[in-house]
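Single-letter residue listing:
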Amino acid sequence: SEDSPVVNQIVNMIELWGFETETIGINKFSEDPLQIPDDIKEKIEGADAAIAICTPRDYSLQEKAYKTLPWIHVEAALAFKSDKPLIFITDERIKPEGLLEFSKFPKISYHPTKLEVLEHKLAIVMPGFRRWIADKKQQQFWDGLVKAGLVFGGIWLVGKIMEDKE
């Protein structure tokens, strides 16, 4: 599509921060427009985080604004539902709709002819985003131990083994 050069540059910027990226949904269509293809769903659910790059698609004469791809909203909602850290990198000409309307979700705006400004914004945001991902993974690790009954039992077991050695 016509936004591929911009998207590729943004993806490169994200990868410079050490993120392993996988672009999903491009040239992938579902027979049922209300259904997310299973492989896309699995990739989102298996990811550590989601970064939605919102590029302009349709121009609304009525609203005098661009809209992004409808699938972005569906994929972002799935990431939110899966409790993934989520940020939006959004072309400043896009009208905020869906999750983009809520201040709860971090949004980094860009203009396609001034991507160096986006680079500076990412330098401010990405360390915190990495921390958010690490904290989420650590919390999932501890939640898994608690669910498995290993936290208290494991601590007791280690204590018991240490006592036996003395």
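As the structure is a prediction and not an experimental result, all values here were calculated from the model. (Residues numbered from 1 in each chain as written. Predicted model: local features only at pLDDT ≥ 70, side-chain atom pairs only at ≥ 80, totals over all residues. Heavy atoms only, no water.)

Turning to the nonpolar core, a few remarks are in order. Judged by nonpolar contacts, the single largest core of 18 residues is most densely connected at Ile 10, Ile 89 and Leu 118. Listed by contribution, the elements that provide at least two residues to this core are helix H1 (4-16), strand S4 (86-91), strand S5 (107-110) and helix H4 (115-147). Those residues in contact with Ile 89 that lie beyond four places of it in its chain are Ile 10, Ile 14, Ile 51, Ala 52, Ile 53, Cys 54, Ile 108, Tyr 110, Leu 118 and Leu 122. In this structure, Ile 72, Ala 79, Ile 94 and Leu 100 belong to the second largest nonpolar core, which totals 16 residues. (Core = buried A, V, L, I, M, F, W, Y, C linked by side-chain atoms within 4.5 Å. Buried < 20%, exposed > 50% of the residue type's maximum accessible area, 1.4 Å probe, protein only. Helix = DSSP H or I, 4+ residues; strand = E, 2+ residues; numbered from the N terminus. Contact = heavy atoms within 4.5 Å.)

This brings us to unusual backbone geometry. Unlike most non-glycine residues, Lys 64 shows phi in positive territory, near 50°. Considering the arrangement of structural elements, one finds Lys 64 in the loop between strand S2 (58-60) and strand S3 (65-67). The phi torsion at Asp 83 lies on the positive side, around 60°, for a residue other than glycine. Within the secondary structure, Asp 83 is located in the loop between helix H3 (70-81) and S4.

As a packed pair, helix H2 (residues 38-46) and H3 sit with axes 9 Å apart at the nearest point and diverge in direction by 45°. In terms of axis orientation, H2 runs oblique to H3. Along this stretch, H2 crosses H3, giving a crossing that reads as right-handed. Facing H2, whose interface residues are Ile 40, Lys 41, Ile 44 and Glu 45, H3 presents Glu 75, Leu 78 and Ala 79. A per-class count over the contact of H2 with H3 returns four nonpolar, no polar and three charged. (Axes fitted to C-alpha atoms, helices over the stretch in contact; angles between N-to-C directions. Parallel < 35°, antiparallel > 145°, perpendicular 65-115°, else oblique. Left-handed = near helix turned anticlockwise from the far one by under 90°. Nonpolar A, V, L, I, M, F, W, Y, C, P; charged D, E, K, R; others polar.)

Here the focus is the pattern of salt bridges. For side chains of opposite charge, pairing can occur when their charged atoms come near one another. Counted according to the given criterion, the structure contains seven salt bridges. Taking the shortest distance from any N to any O, the salt bridge between Lys 95 and Glu 63 comes out at 3.1 Å. Placement of Lys 95 in the loop between S4 and S5 and of Glu 63 in the loop between S2 and S3 is noted, with a sequence separation of 32 residues between them. Between Lys 136 and Asp 83 there is a salt bridge, with its nearest N and O atoms 3.0 Å apart. (Salt bridge = Lys/Arg side-chain N within 4 Å of Asp/Glu carboxyl O.)

Burial of strand S1 (residues 50-54) is extensive: four of the five residues sit out of reach of the surface. Across five bridges, the pairing between S1 and S4 is parallel. Its bridge partner lying in S4, Ala 50 is registered against Leu 86. (Pairing = 2+ DSSP bridges.)

Shape is all these values report; function is a separate question.
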